[in-house]
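# Remarks on the overall topology
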Amino acid sequence: MKDAAKKIVSDGIRKAGRNVSQNEGLIFEKSAPHKRAFELPPLDVPAVDPSAALGAAHARESVEGFPEVSEIEVVRHFTRLSTWNYAIDLGMYPLGSCTMKYNPRVNEFVARLDGIATEHPYQPAEVSLGCLKIMRTLEKCLLEITGMDACTLEPAAGAQGELCGLLLIRAYLQSKGSARRTVLIPDSAHGTNPATATIAGYEVQSIRSDAAGQIDVEALKSIVNDDVAALMVTNPSTLGVFEQRIAEIAEILHAHGALLYMDGANMNALAGIARPGDFGVDVMHLNLHKTFSTPHGGGGPGAGPVLVKNFLEPFLPVPVLVEKDGRLSLETHRRTSIGRLRAFGGNFGVLVRALAYTLAYGPGMRQATEDAVLNANYIRRNLEDFYDLPYKSPSMHEVVFSDARQKKNGVNTMDIAKRLIDYGFHPYTTAFPLIVPGALMIEPTESESKEECDLFIDAMRSIAAEAETNPELVKTAPHNTRIGRLDEVTAARKPILRWRPATSAAPSPSDLSEPNPPSSRSSE
Amino acid sequence: MRYLPKSPSERQAMLQSVGAGSIEKLFESIPAPLRLGRALDLPGPMSEAEIIAWFQARAAENSLGYSSFLGAGVYNHLRSVVTDTILLRGEFLTSYTPYQAEISQGTLQAIFEFQTLMCQLTGQEVANASMWDGSTATTEAALMAARLTGRTRLVVARSLHPEYRQVLATYGRNIGLTAEEIPYTASGQIDTARLAAAVNDETAAVIVQSPNFFGVLEEVPELAEIAHACKALLVVSVTEGVSLGIVRPPAEADIVAMETQSFGMAPSFGGPYAGVIATRERFIRQMPGRLAGQTTDAAGRRGFVLTLATREQHIRREKATSNICTNQALCALAATVHLCLLGKEGLRELALQNLAKARFAAAELARVPGVRIPFTGPWFNEFVIEFPRSARMANRRLLDDKIIGPLPLGPWYPELTKHGLVCVTETMPRAEIERFATALGAVLAGPL
């Protein structure tokens, strides 16, 4: 038993320890009648009887099953839950294409200021000048970084930015009397690209990558015709490789009256180095929760501003931020606009954070890009003797290996990823891009020190060795987490998507058991 | 630069390790003519203190010191400092989407609790992990209804938030959804006779809001009967979630699309907030967005995973139920913490205070000569008032008294140019309500 535990911990694990972890049930299981965590100031107007005011048919007594707990219990509950998460604040988060960089704390501070967090989207422009200036300043910064001409900050996330971009393309083509039905998408693209094209009402045609992982320009030439509205390209691609022939690709599309859309998910490789507006891109989106450091928060919120060349500007979604005679205002009606994408104009609080990030760097943003690319190449150089590198093209901000070598011992990318958890790291992106079977997609970002990169490299090398000498150890990982691999099949077959009050017995004792006795997971 | 953790000599050592003589070498894969041959022209760099000063200066150009009676989908409510304390924990703030369940149980369990709270509030069986906001949730509910019924015609209340209707139009027109709008009556509720006449066997969904844009509650059971008679679905949009503390939930609806901003999220000039879709269990495979589900590990321990991902874009690509990827997870966490703090009794008391304050304000304003409260239907914390003249003009004068007056309805409802939407929540002191009524009296008594 002791030996087994020691083996699982492994001498190679230097970043993480095994510490006590607090158990915690669901908040509903802690509830007891008449406990409370919130008290209101006394009502300073006459009370009103809800049944009389709303009518008995509309009145509700109480919300069945709602929790009743005290303040300390709420604080402990969520604090305990928080300790079960990995986070950038704990260490490297090498998820490829996700750009998990440091989220500066001053950004959180300014987004919460009175006079910023407190502002209502419908308040008159006379008392919103500060908000409008924040938006305008951010727009100008994003235009300079991308080399584009005009901007909307409205889209709530990258996927909505993609939709916005495709609707702009459609509106422009329609204004030219050219209804087209097809959007081309490389086989290496993120899943949102085809999903968005469908929602925008387009047919998706996939185009293959060539042997170097680049868009196959010859194939593109043979496919593009007068029915193609646009090509959606991610540059650098999801392989972390710059599209060498991007300018030529733009020319091919333009010659057929089609437009070039760029998914800006990988802009962290380019900021300060090269600008999409300078290599033929007509419309693009940025993910402020990637390149511009706004926190992912466990899955959102983000923001997906869209940047366009001048000829698309008349079609921007409302509200449009306009500057006339030095006065800023939001224009809510525009005849040529694609319409409105969401209520109230945008995830303003996210925009505030992105601007704070940009102001912190100024022109020095280039240094962040350089460090991000240096980190990726450093990791590539130090792991390429241990993992298969299917595409040898120069890496930018991320590097994609495959599990081809480890597969021989029955160890796949997911196993390696799960074992990485034992070493104190969040896994890289697994099994994406789809063009690399068994992909290990690693994006360190500029936020990692040499020390953290070295720890990561050591961990990956150690796992590569384990895959040779003790594949079972890797295949059954993680071993040091609160819980082991979860039964996803049952979760999907018999979905339990909410808590319900126990009808007969209390929750089973297993729910409250000791976290992760190592013997139960190890198969040696 | 303070965010970058490398010394010059470490950079040098790393460059050497990769075999590059200089950093430029690493960018040679970008064709030279495409490279930016100059420094970016950006403001900055700024120290932390300068950033704070810059944003404080912007804050001073906004509405500090004004009393606002605006609602219309974004509400001022009390927020406990506990909520922000939790949100600022790095383990929540700086974590990614919980795809790696073993080290994301905190986020996953919190989502599971969020889904449960949303079901309890709305009277529905399942809820998702969040949508971008109430407007996109309502639109996604419409798309979901179209998929479920195989129909493309929507019947939409004119008393649904005008901007929600605009979003619906933007999404709908590209995929062949059409919408017919149904007027409101003197009660401020949807005209049920016109609705019944409009719904037929081509109708995918009837879409209403309750409390509606005018603050008036709709008769949800009756609307459900009208929709269901033609096998159409009823979608109910809720923008003011606090109402559900004392208002019967739209349990007869097939899909509820809710904005949760009222639960612990600052107005923040329009976002970020979190929308949510709640529905019947039998509809989950057509539901958009992430879902957390309960399961066990090999040792039988309870845990949570993202589940039913075969609906989603990263698996299904162009066949997905929606293109949504990044959602509003941290905002959903804010709602979860906030609602756990409020609890059963707190939510009810909060709703009762809103009801009482708004009724008090309505009575005060109704006493102002020339002011009328036109709609007769039941309402919660928002109501329409009619001025003897343009609402916009009256508001301009109120601004001099540091009062942000009722939202003018004219831009959306040409027949309501003298009308404004007033919202009063628990945050508004009685003295400010009285000051508003007095100031409005003076404005209306004064010269045009």
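In what follows, the accompanying structure is described. (Residues numbered from 1 in each chain as written. Chains lettered and ligands numbered in written order. Predicted model: local features only at pLDDT ≥ 70, side-chain atom pairs only at ≥ 80, totals over all residues.)

### What to know about the overall build of chain B
Helix and strand counts for chain B stand at 13 helices and 14 strands. For chain B, the spread of C-alpha atoms along the three principal axes comes to 80 × 55 × 50 Å. The buried share of chain B, taken over its 448 residues, is 63%. Long-range pairs, those at least 24 residues apart, make up 72% of the contacts in chain B with a sequence separation of at least 6. (Helix = DSSP H or I, 4+ residues; strand = E, 2+ residues; numbered from the N terminus. Buried ≥ 20, exposed ≤ 12 C-beta atoms within 10 Å, placed from the backbone. Contact = placed C-beta atoms within 7 Å.)

### Points about the interface of chain A and chain B
Facing the 177 residues of chain A at the interface are 163 residues of chain B. Considering each element in turn, the side of chain A that touches chain B owes the most residues, 12 residues, to helix H11 (residues 365–383) of chain A. Class assignment of the residues belonging to the side of chain A that touches chain B gives a composition of 94 nonpolar, 51 polar and 32 charged. (Nonpolar A, V, L, I, M, F, W, Y, C, P; charged D, E, K, R; others polar.)

### Side note on the environment of A:Gly298
In this fold, A:Gly298 is placed in the loop between strand S6 (283–286) and strand S7 (306–308). Here A:Gly298 falls in the buried class, since 28 other C-beta atoms lie within 10 Å of it. A sequence separation of 270 residues divides A:Gly298 from A:Phe28, and the C-alpha atoms of the two residues are 22 Å apart. Setting aside its immediate chain neighbours within four residues, A:Gly298 contacts B:Phe92, B:Ser95, B:Thr97, B:Pro98, B:Thr107, B:Ala329, B:Leu330 and B:Leu333.

### Some remarks on the environment of A:Ile13
All names here are of chain A. By secondary structure assignment, the location of isoleucine 13 is in the loop between helix H1 (2–9) and helix H2 (50–54). Given 19 C-beta atoms within 10 Å, isoleucine 13 falls into the partly exposed group. With 481 residues separating them in the primary sequence, isoleucine 13 and lysine 494 have C-alpha atoms 37 Å apart. Look past the residues within four positions of isoleucine 13 in its chain and what remains in contact with it is Asp422, Tyr423 and Gly424.

### Some details on the nonpolar core
Within the largest apolar cluster, 320 residues are counted, with the highest numbers of intra-cluster contacts made by A:Tyr261, B:Val206 and B:Val235. With 23 residues, the single largest contributor to this core is helix H11 (residues 329–366) of chain B. In terms of domain composition, this core takes at least three residues from each of domain 1 (67–78 + 344–445) and domain 2 (81–338) of chain B. When residues no more than four places from it in sequence are discounted, the contact partners of A:Tyr261 are A:Gly165, A:Leu166, A:Ile169, A:Ala230, A:Leu231, A:Met232, A:Val233, A:Val283 and A:Met284. (Core = buried A, V, L, I, M, F, W, Y, C linked by C-beta atoms within 7 Å. Domains from an automatic or database assignment.)

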